[in-house]
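Summary of structural features
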Amino acid sequence: MQYNKIIESVKLIFTWNKSDRLWQMPFFAGLGVGIILFIAGYFNRPDLGLVAIIGANIFLYVQDTPIYHKMVVCFCCAFGMTTSFALGLIGQSFPFLIPIIIFFVTMISAQVVRYFSIGAPGFFFFTFAAILGTYIHFDIKDYPFAIGLVALGTMLANVMVLLYSLVVIYVFHHSPKPVPKLGEFGFGVIVIDPIIIAFFVAFSMYLQSFFELDRGYWVGISCAAVLTAVTFKQIWVKQFQRILGTIVGVCFSYFLLHFSLPPIYFALLMMFFMFCGEFLVVRNYALAMVFLTPYSTYLAEVSSFMNYDPDLIIKSRVFDIVIGSLIGLLGGAFMHWSALRGVIDKVARRIVFRWIGRD
């Protein structure tokens, strides 16, 4: 019986899942990335284009709902993404605040996306933006400029959302789904889970800082990515998919990092990574990571754009992702520990209900 469960779990890692995600979604996501990098390349500053792409990631929150709902959700995500990055920049000046900042960004974003039933990728990119904000170096006087770049990325992403919506509805005659109900997941999923998730993501950031890991931000990013899964079984599978896909992806990245690409080829390459990654991520997470690993590597290494030490980057990333994924797995175990959930539930209910004026 135990052997059969192990075989079944291993099969899940390599399963090709069916998906109703439209192919136009990853196409427009890649197109938005390409436009930003083409413009940045025209001004010979592809590194600034990568900063703007942080904001462009809000396109990935587009839902299969009526146009007005798509636009409202993505406008709100634009505000959240820009704020998350800005808070991350504050962490550069006050490093001791980084775990606290990451905790609140993760907790609040996880609660909001769950309450509004936004779905995948959940809180991940808000935490991702905050973590990158703590790492990508900018002088204090350049903080408004950096925040503006992210905001510009969100603006272009919203244009892509509108174009995508018009195309799928009026060209491909796709009927949108109804707007999801608010708060239907219940108190435990909307309040308790985000608290536990945020604690472990913040703990991973503290741990990488304590051990002074080189490029240790991947610990927090990997932990957050694993904890976007809902059930413990999904967390377990996603952990191994992320590790397996990343190992293949870093080999791909190691090869690419040896080349200094012209801006136009770099833009086309990032478009390709985004399209493939978003097309595959709902079908097989491990395979998607093969393409998302080099994409996120370029994004995270913006501070040393095209002046990489591939050996150092790859060695650090594999080690940090394994550590982060294991912390995420531990967080998943705690999140599904009924005794701990019961204690947190009682405390949280007292605080929340007192805050809103209910007994």
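By convention here, each chain's residues receive numbers from 1 onward along its written sequence. Reporting in this predicted model follows two pLDDT cut-offs: at least 70 for local features of residues, and 80 or more for side-chain atom pairs to be given and counted; totals over whole chains, interfaces and linings ignore these cut-offs and use all residues. Note that water and hydrogens are dropped before the side-chain values are worked out from all heavy atoms of the structure.

1. Regarding the overall build of the protein chain
Where we set the bar: We count a stretch as a helix when DSSP gives it H or I for four or more residues in a row; a strand needs E for two or more, and each element gets its number in order from the N terminus. Think of it in three bands: residues with accessible area under 20% of the maximum for their type are buried, residues over 50% are exposed, and the middle band is partly exposed, with areas taken using a 1.4 Å probe on protein chains only. Should any heavy atoms of two residues lie within 4.5 Å, those residues are considered in contact. Here the open area of atoms and residues is found with the Shrake-Rupley method and a 1.4 Å probe, where only the protein chains shown may cover a residue.
Looking only at helices and strands, the protein chain has 14 helices and zero strands in total. Ordered by position in the sequence, the α and β elements of the protein chain form the string α-α-α-α-α-α-α-α-α-α-α-α-α-α. Taking all 359 residues of the protein chain together, the buried fraction comes to 54%. If you take every contact in the protein chain between residues at least 6 apart in sequence, the share linking residues at least 24 apart comes to 81%. By element, 72% of the accessible surface of the protein chain is carried by carbon and sulfur atoms, the whole surface being about 17,100 Å².

2. Thoughts on the pattern of salt bridges
Where we set the bar: Each reported salt bridge corresponds to a side-chain nitrogen of Lys or Arg within 4 Å of a carboxyl oxygen of Asp or Glu.
Here the structure, examined in full by the defined rule, presents three salt bridges. Close ionic contact of Arg-114 with Asp-193 constitutes a salt bridge, the shortest N to O distance being 3.2 Å. Here the residue Arg-114 occupies a position in helix 5 (residues 98–115), and Asp-193 occupies one in helix 8 (residues 187–210), the gap between them amounting to 79 residues. Its relative accessible area of 14% is what places Arg-114 among the buried residues. A relative accessible area of 8% places Asp-193 in the buried class. Residues Lys-141 and Asp-142 are paired through a salt bridge, measuring 3.6 Å at the closest nitrogen-oxygen approach. The class of Lys-141 is exposed, set by a relative accessible area of 64%.

3. Overview of the packing of helix 11 (residues 263–280) against helix 12 (residues 285–300)
We apply this condition: Throughout, an axis means a line fitted to C-alpha atoms (over the contacting stretch in the case of helices), and angles, computed between N-to-C directions, take values from 0 to 180 degrees. An angle below 35 degrees is read as roughly parallel, one above 145 as roughly antiparallel, one from 65 to 115 as roughly perpendicular, and any other as oblique. The handedness criterion is simple: a crossing whose near helix is rotated anticlockwise from the far helix by less than a right angle is left-handed, and one whose near helix is rotated clockwise is right-handed.
For the pair helix 11 and helix 12, the least separation of the axes is 8 Å and the interaxial angle reads 150°. With respect to their mutual orientation, helix 11 and helix 12 come out roughly antiparallel. Considering only the axes of helix 11 and helix 12, their crossing is left-handed. Within the contact between the two elements, helix 11 uses Phe-266, Leu-269, Met-270, Phe-272, Phe-273, Met-274, Cys-276, Gly-277 and Leu-280 and helix 12 uses Tyr-285, Leu-287, Ala-288, Phe-291, Leu-292, Pro-294, Tyr-295 and Tyr-298.

4. Topic: the side chain of Thr-293
Here Thr-293 shows up in helix 12. Setting aside its immediate chain neighbours within four residues, Thr-293 contacts Gly-245, Thr-246, Gly-249, Val-250, Ser-253 and Arg-317.

5. Observations regarding the nonpolar core
Rules: Among buried residues, those of type Ala, Val, Leu, Ile, Met, Phe, Trp, Tyr and Cys that are joined through side-chain atoms within 4.5 Å constitute a nonpolar core.
In this structure, Phe-59 and Met-270 are the most contacted members of the largest nonpolar core, which totals 103 residues. Sorting elements by how many residues they give to this core places helix 7 (residues 143–171) first, with eleven residues. The residues touching Phe-59, leaving out its near neighbours within four places in the chain, are Met-25, Phe-28, Ala-29, Ala-157, Met-160, Val-161 and Tyr-164.

6. Considering helix 8
Using the following cut-off: In a helix, the anticipated span is given by 1.5 Å times the number of residues less one.
Here helix 8 contains 24 residues, and its C-alpha end-to-end distance of 34 Å stays within 8% of the 34 Å for a straight helix at 1.5 Å per residue. With its phi angle positive at about 50°, Glu-212 sits one or two positions after the end of helix 8.

7. Digging into the environment of Asn-158
Relative to the assigned elements, Asn-158 resides in helix 7. Overall, Asn-158 belongs to the buried group, its relative accessible area being 7%. The spacing of Asn-158 and Ala-78 is 80 residues in sequence and 8.2 Å in space, taken between C-alpha atoms. Ignoring anything within four residues of it in the chain, the contact list for Asn-158 reads Ile-58, Met-71, Cys-74, Phe-75 and Ala-78.

8. Quick notes on the side chain of Asp-320
Its place among the elements puts Asp-320 in helix 13 (residues 310–335). Dropping the residues within four chain positions of it, Asp-320 is found in contact with Leu-213, Asp-214, Arg-215, Gly-216, Trp-218 and Val-219.

9. Looking at the environment of Ala-56
By the secondary structure assignment, Ala-56 is in helix 3 (residues 46–56). Separated by 102 residues in the primary sequence, Ala-56 and Asn-158 place their C-alpha atoms 8.3 Å from one another.

10. What about unusual backbone geometry?
Within the chain, Ser-117 stands out as a residue other than glycine whose phi angle is a positive 55°. Relative to the elements of secondary structure, Ser-117 occurs in the loop between helix 5 and helix 6 (124–135). In this structure Ser-117 comes out as buried when scored by relative accessible area, which is 11%. With phi around 55°, His-173 is a residue other than glycine that occupies positive phi space.

11. Focus on helix 6
For helix 6, with twelve residues, the first-to-last C-alpha span of 17 Å sits near the 16 Å given by 1.5 Å per residue. Extensive coverage of helix 6 is indicated by the burial of eleven of its twelve residues. Among the residues making up helix 6, those that are buried are Phe-124, Phe-125, Phe-126, Thr-127, Phe-128, Ala-129, Ala-130, Ile-131, Leu-132, Gly-133 and Thr-134. Buried residues along helix 6 sit in contact with helix 3, helix 4 (67–93), helix 5, helix 8, helix 9 (217–226) and helix 12.

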